[in-house]
Amino acid sequence: MEFESILLPGIDDKRPLVIAGPCSAETEEQVIDTARQLADTGVKIYRAGVWKPRTKPGGFEGIGSPALAWMMEAKKETGMYMSTEVATEKHVYESLKYGIDMLWIGARTAANPFAVQEIADTLRGVDIPILIKNPVNPDLELWIGALERLYNAGIKKLGVIHRGFSTTDKTIYRNLPQWHIPIELKRRFPTLPIICDPSHIGGARNLIAKLSQQAMDLNYSGLIIESHCSPDEAWSDKAQQVTPATLKEILHNLVIRDTVQTTEDLSDLREQIDDLDNELLQLLAKRMRVSREIGQYKLEHDMPILQTHRYDQILTDRAGQAERMEMSGDFVKLVLEAIHSESVRQQMVIMERAKSI
Ligand code: PEP
Ligand code: MN
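Given the structure is predicted, the values throughout are model-derived calculations rather than measurements. (Residues numbered from 1 in each chain as written. Chains lettered and ligands numbered in written order. Predicted model: local features only at pLDDT ≥ 70, side-chain atom pairs only at ≥ 80, totals over all residues. Heavy atoms only, no water.)

**Q** Help me out: how do you make sense of unusual backbone geometry in this one?
**A** Trans is the common state for peptide bonds, and a negative phi is the common state for residues other than glycine. Cis geometry marks the peptide bond from Arg15 to Pro16; its omega dihedral reads -10 degrees. Counting through the fold element by element, Pro16 comes out in the segment before β1 (17-21). With a phi angle near 70 degrees, Asn219 is a residue other than glycine that sits in the positive phi range. If you trace the backbone, Asn219 turns up in the loop between α9 (208-217) and β8 (222-226). What makes Asn219 partly exposed here is its relative accessible area of 44%. Its identity is not glycine, yet Asp302 carries a phi of approximately 55 degrees, on the positive side. For Asp302, the position within the fold is in the loop between α11 (264-300) and α12 (308-324). (Helix = DSSP H or I, 4+ residues; strand = E, 2+ residues; numbered from the N terminus. Buried < 20%, exposed > 50% of the residue type's maximum accessible area, 1.4 Å probe, protein only.)

Quick look at the structure:
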């Protein structure tokens, strides 16, 4: 897939591209007042949810089409581009009818191929930029599948929004960032604009600045941040919305590191990394060899592949050792789990081969 890098005319490609606005359009005054304040701080693209996906019925589910008219009023007054979330064919028709400039597909919708296909079919032949949020579950292929559905419908102005992944674990985040997933997406599609949504990752105002900086350090193209004229009174997501004044401060404090030139020092260090990776791979191959020998032994002695007690002991022991070596225990557990699963796979091959002889 090849993407058009300019999503909207007149928005320069200086990082970060900023999209800001309330979680939900609530009243005409709130939409216009927030838009005015954001335009004054230099924001060029406004966001507001018109249809809100809620976990349970009965909450505030969005104003619907009348809010689109308020947004167009805000556009007339401020000159900002307008964007909103669409989840159905009707949402798309209504947004296009009113003249919304950019659409996004929410995290719950992105997880549903039927819904994404319905949106793609409705947009066939329409030249409008679309941003696709990551699906709620950490499934990169599903995210890419959503991109492909829109791309195949002729949409070339595509971007993605990283809003984190749902978890039942207790963490400081509302949605786990799992940065490696968007990083892998960027590796596969280097020209795809990638925008961070620190509001839905963090779920709390005090996390927005740090997450925004992390996204900039990972070379993201932009940020989508929820901003409301009076966040404490917001009808949805109040804990994570910031005032336009706070947003201005957050953006002002961002450090944008854009140097691409590779210095001599850096290439020396990169060579060291290449050598070390090479050593790591050789060590891993050696470990697999031993593991295959163990597989052979287990086969000859009728032992099962998985020796749970031994595996558990390895994990605990190595995690402790890792921490003494200034690495996170969880990180090393993850590495060992991956190594162990490859060992098991290789031992299974040995068992199966023996069965087929
Ligand atoms: C939103 O942007 O307000 C929203 C509902 O986000 P998400 O789809 O990421 O939950
Ligand atoms: Mn929200």
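**Q** Before we go on, may I ask you to explain the coordination of the manganese ion (ligand 2) in this structure?
**A** Any two of four tetrahedral donors ideally make an angle of 109.5 degrees at the metal, while pairs among six octahedral donors ideally make 90 or 180 degrees. Each protein donor to the manganese ion (ligand 2) is listed here as Cys23 (SG), His200 (NE2), Glu226 (OE) and Asp237 (OD); together their distances run 2.1 to 2.4 Å. Sequence positions of the residues that donate to the manganese ion (ligand 2) give the spacing C-x176-H-x25-E-x10-D. Of the two residues, Cys23 sits in the loop between β1 and α1 (28-40) while Asp237 sits in the loop between β8 and α10 (244-253), which places them 214 residues apart along the sequence. By relative accessible area, Cys23 is classed as buried at 2%. (Donors = N, O, S within 2.8 Å, 3.2 Å for Na, K, Ca; no water.)

**Q** In this structure, what is going on with the site of ligand 1? I would like to understand it.
**A** Taken together, the neighbourhood of ligand 1 is formed by Cys23, Arg47, Lys52, Glu85, Trp104, Gly106, Ala107, Arg108, Lys133, Arg163, His200 and Glu226. Within the side chain of Lys52, one N or O atom sits 2.9 Å away from an oxygen atom of ligand 1. His200 places a polar side-chain atom, nitrogen or oxygen, 3.3 Å from an oxygen atom of ligand 1. Looking at the shell around ligand 1 residue by residue, the class counts come to three nonpolar, two polar and seven charged. (Near = heavy atom within 4 Å. Polar contact = N/O pair within 3.5 Å; in protein donor to acceptor, adjacent residues only side chain to side chain. Nonpolar A, V, L, I, M, F, W, Y, C, P; charged D, E, K, R; others polar.)

**Q** Looking at this structure, how should I read a nonpolar patch on the surface?
**A** The grouping of Met325, Met327, Phe331 and Val335 at the surface amounts to a nonpolar patch, some 350 Å² of accessible area in total. Its place among the elements puts Met327 in the loop between α12 and α13 (329-356). The class for Met327 is partly exposed, based on a relative accessible area of 34%. (Patch = residues over 30% accessible without salt bridge, like charges linked within 9 Å, V, L, I, M, F, W, Y side chains within 5 Å. Areas by Shrake-Rupley, 256 points an atom, 1.4 Å probe, with all protein chains shown as cover. Salt bridge = Lys/Arg side-chain N within 4 Å of Asp/Glu carboxyl O.)

**Q** Which parts of the structure should I look at to understand a negative patch on the surface?
**A** A surface patch of like charges, here negative, comprises Glu264, Asp265, Asp268, Glu271, Asp274, Asp275, Asp277 and Glu279. With respect to the helices, strands and loops of the structure, Asp265 is situated in helix α11. The class of Asp265 is exposed, set by a relative accessible area of 58%. (Lys, Arg positive; Asp, Glu negative; His and termini not counted. Charge placed at Lys NZ, Arg CZ, Asp CG, Glu CD.)

**Q** Whenever I open this one, the pairing of strand β5 (residues 130-133) confuses me. Can you help?
**A** Along any regular strand, the residues point their side chains to alternate faces of the sheet. Both faces of β5 are covered, namely the face carrying Ile130 and Ile132 and the face carrying Leu131 and Lys133. Across three bridges, strand β4 (residues 102-105) lies against β5 in parallel orientation. Bridge pairing in β5 links Trp104 to Leu131. Here four bridges tie β5 to strand β6 (residues 158-162), and the two strands are oriented parallel to one another. Residue pairing in the sheet places Ile130 in a bridge with Leu158 of β6. Taken together, β5, helix α6 (residues 140-152) and β6 constitute a β-α-β crossover, and its handedness is right-handed. (Pairing = 2+ DSSP bridges. Right-handed = clockwise from strand over helix to strand, strands pointing away.)

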